[in-house]
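Here is what each chain is made of, one letter per residue.
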Amino acid sequence: MKKYIVIGNPIEHSLSPSLHNYWIKKNKIIDSIYEKKKVEKKDLEKIIYQLKNDKLKGVNITVPFKKEILPFLDEIDEVVKSTLSVNTLVKIDNKVWGYNTDAEGFNNSLKWNNVFDYKGKNIFIIGAGGVTSSIIYNFINSVNKIYITNRTKKKAEEIKELYSYSKAEIEVIDWGDEPEVCDLIVNTTSVGLAKNENLDLKFKNYKNNHDALFYDIIYNPEETNFLKNARIRGNKTMNGKMMFLHQARIAFKIWTGIEVDICNETIKLLDQ
Ligand code: ATR
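My aim in this report is to walk through the structure given alongside it, one point at a time.

Rules behind the numbers
- Residues numbered from 1 in each chain as written.
- Predicted model: local features only at pLDDT ≥ 70, side-chain atom pairs only at ≥ 80, totals over all residues.
- Heavy atoms only, no water.
- Helix = DSSP H or I, 4+ residues; strand = E, 2+ residues; numbered from the N terminus.
- Rg over C-alpha atoms; globule rule 2.2 N^0.38 Å.
- Buried < 20%, exposed > 50% of the residue type's maximum accessible area, 1.4 Å probe, protein only.
- Contact = heavy atoms within 4.5 Å.
- Areas by Shrake-Rupley, 256 points an atom, 1.4 Å probe, with all protein chains shown as cover.
- Lys, Arg positive; Asp, Glu negative; His and termini not counted.
- Charge placed at Lys NZ, Arg CZ, Asp CG, Glu CD.
- Near = heavy atom within 4 Å.
- Polar contact = N/O pair within 3.5 Å; in protein donor to acceptor, adjacent residues only side chain to side chain.
- Core = buried A, V, L, I, M, F, W, Y, C linked by side-chain atoms within 4.5 Å.
- Pairing = 2+ DSSP bridges.
- Axes fitted to C-alpha atoms, helices over the stretch in contact; angles between N-to-C directions.

### Section: the overall build of the protein
In step 1: Looking only at helices and strands, the protein features nine helices and twelve strands.
In step 2: Taken over the C-alpha trace, the protein has a radius of gyration of 19 Å; the compact-globule value for 272 residues is 19 Å, and the two agree within 12%.
In step 3: Projecting the C-alpha coordinates of the protein onto the three principal axes gives extents of approximately 55 × 40 × 30 Å.
In step 4: The buried share among the 272 residues of the protein stands at 52%.
In step 5: Considering only residue pairs separated by 6 or more positions, the protein has 66% of its internal contacts joining residues 24 or more positions apart.
In step 6: Summing over all exposed atoms, the protein offers an accessible surface of approximately 13,600 Å²; the carbon and sulfur share of this is 47%.
In step 7: Distance from the positive charge centre (41 side chains) to the negative charge centre (36 side chains) of the protein: 3 Å.

### Brief notes about the site of the ligand
In step 1: Residues in close proximity to the ligand total 13 residues, the closest being Gly130, Asn150, Arg151, Thr152 and Lys155.
In step 2: Within the contact set of the ligand, an oxygen atom lies 2.7 Å away from a side-chain nitrogen or oxygen of Lys155.
In step 3: Within the backbone of Ser190, an N or O atom sits 3.2 Å from an oxygen atom of the ligand.
In step 4: Within the complex, the protein chains bury 69% of what would otherwise be the 620 Å² of accessible surface of the ligand.

### Focus on the nonpolar core
In step 1: Membership of the largest hydrophobic core comes to 51 residues, with the highest contact counts inside it found for Leu110, Ile125, Ile135, Phe139, Ile148, Leu184 and Tyr215.
In step 2: Counting 18 residues, the second-largest nonpolar core is a separate cluster that includes Leu44, Val59, Ile61 and Val96.

### Some remarks on the side chain of Ser109
In step 1: With respect to the element layout, Ser109 can be found in helix α4 (residues 102–111).
In step 2: At 2.7 Å, the side chain of Ser109 forms a polar contact with the side chain of Tyr215.
In step 3: Once residues within four sequence positions are removed from consideration, Ser109 is found in contact with Val115, Tyr215, Met238, Met242, Met243 and His246.

### Side note on the environment of Thr189
In step 1: One can find Thr189 in the loop between β10 (184–187) and β11 (213–216).
In step 2: Overall, the relative accessible area of 13% leaves Thr189 in the buried class.
In step 3: Distance in space between the C-alpha atoms of Thr189 and Lys46 is 29 Å, their sequence separation being 143 residues.
In step 4: With near-sequence residues (within four places) excluded, Thr189 lies in contact with Ile126, Gly127, Trp175, Leu199 and Ile218.
In step 5: At 3.1 Å, the side chain of Thr189 forms a polar contact with the backbone nitrogen of Val191.

### A closer look at the sheet that holds β11
In step 1: With respect to topology, six strands assemble into an open sheet ordered β9-β8-β7-β10-β11-β12, the strand pairing being parallel. Each edge of the open sheet is held by one strand with a lone partner, namely β9 (170–173) and β12 (236–238). Averaged over all neighbouring strand pairs, the angle between strand axes comes to 20 degrees, with direction disregarded.
In step 2: Sheet topology places strand β7 (residues 122–126) next to strand β8 (residues 145–149); five bridges connect them, and they run parallel. If you follow Ile123 over to β8, its bridge partner there is Ile146.
In step 3: Taken strand by strand, α4 contacts β10, β11 and β12, and its axis lies near 145 degrees from that of β11.
In step 4: Contacting β7, β10, β11 and β12, helix α7 (residues 225–233) runs over the sheet at an angle of about 165 degrees to β11.

Set out below in structure tokens:
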């Protein structure tokens, strides 16, 4: 049996098993299964050992281990070198490789149906958690300016520092403050996962701005208060469903070599 898992803590909410098992079945890959597993930091080394010994064929990593897994890896891809964030593991020639498919997944979600062209635009990133560096990775060579804010300011400054090698202009904004009106505003915090939660930002200057895109990487609930308020203001909105599907699609290709489609049936799998 070829076993794939997603590890994280918490992990109950993960829809990766539904999606990957759907693709496994659809592509008639026999003897394979994808499961979720709640782990602690102390278990990470064991997971690597299981990959090396073919007890596991592939691993996805989610919060809060995307960075913590780094010391255990033999090799990392270019995106991981920049983002310091890993979400996919595989063994190649007896070495455990760490890949980052979140960055490309986010990028593909914007390109999908020409949702948003960020070239030369101003971007406002809210949050500085595990996935934020992957999102910013796409912008460093092509946007005009990136603003970033986080409750714990030091973490936003660390992300700015991470990209100090690039030409990107990145400004850290105090938590609660808003920069000039931006073209794309991305919520990368976990605020909104619980129904009543809301960010303490008013976005007053965005009323009837039909061009600004408010993007929440959360996809469950489908419409967070961040997106609901944007919709009411007249802004464009998008949730994290497409990013989730695209990062999974790239991971599936790394493991199996198979390019899967993102069709309506796949999108519906996440409506649960
Ligand atoms: P981690 O910080 O361990 O990488 P994460 O889920 O990837 O975890 O990121 C959580 C993000 O949501 C962080 O930006 C976090 O802000 P802090 O760095 O200050 O913790 C943010 N976040 C979570 N709860 C929040 C809240 N109630 N208000 C504001 N930001 C919050």
